[in-house]
Amino acid sequence: IIYALAQDLKKEGYADLTPYVEEMTAITVKPTPIWQTINYIKELKKQGYTIIGATNQDYYQNKYFRERMAAHGVRMEELFDAVLV
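Cut-off values and rules
- Residues numbered from 1 in each chain as written.
- Predicted model: local features only at pLDDT ≥ 70, side-chain atom pairs only at ≥ 80, totals over all residues.
- Heavy atoms only, no water.
- Core = buried A, V, L, I, M, F, W, Y, C linked by side-chain atoms within 4.5 Å.
- Buried < 20%, exposed > 50% of the residue type's maximum accessible area, 1.4 Å probe, protein only.
- Helix = DSSP H or I, 4+ residues; strand = E, 2+ residues; numbered from the N terminus.
- Contact = heavy atoms within 4.5 Å.
- 1 Å grid on protein atoms, 1.4 Å probe; cavity = no way out; pocket = protein on both sides within 12 Å on 5 of 7 lines; lining within 4 Å.
- Points joined across faces, edges and corners; volume = space filled by probe spheres on them.

Chemist: Honestly, the nonpolar core in this entry has me stumped. Any pointers?
Modeler: Soluble globular proteins: nonpolar side chains tend toward being buried together. Grouped together as the largest cluster of nonpolar side chains are 13 residues, with contacts concentrated most on Met69, Val74, Met76, Leu79 and Phe80. Listed by contribution, the elements that provide at least two residues to this core are helix 3 (35-46), helix 4 (59-71) and helix 5 (76-79). With sequence-adjacent residues up to four places away left out, Val74 is seen in contact with Pro33, Trp35, Ile38, Met69 and Leu79.

Put into structure tokens, the structure is as follows:
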């Protein structure tokens, strides 16, 4: 969304914000862990299930989502065997 908005603004004659898209995305990603779901996923992993996540986040959103979740003590690579972005 941020990238598309930057492109639209540029087409309308505003300043090119494209170089700042990643930084703007980083500022807007503020996830809160849902511990009940996280603990359920951990339990499924213990039982031997393969867990694959899917998201509609783009690459940069997912990158900062993972960083913010890690700051909460949640390492996404430990929860999921793969993630479709």
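Past the structure itself, the notes keep going.
Chemist: Explain the layout of surface pockets to me, please; I cannot follow it from the model alone.
Modeler: Once rolled over the atoms, a probe with the size of a water molecule shows which space is left empty. For the largest pocket, the calculated volume is near 340 Å³. Lining the largest pocket are 18 residues, and of these Ile41, Phe65, Met69, Met76 and Phe80 lie nearest its centre. Residue assignment for the lining of the largest pocket shows that the elements contributing at least two residues are helix 3, strand 1 (52-54), helix 4 and helix 5.

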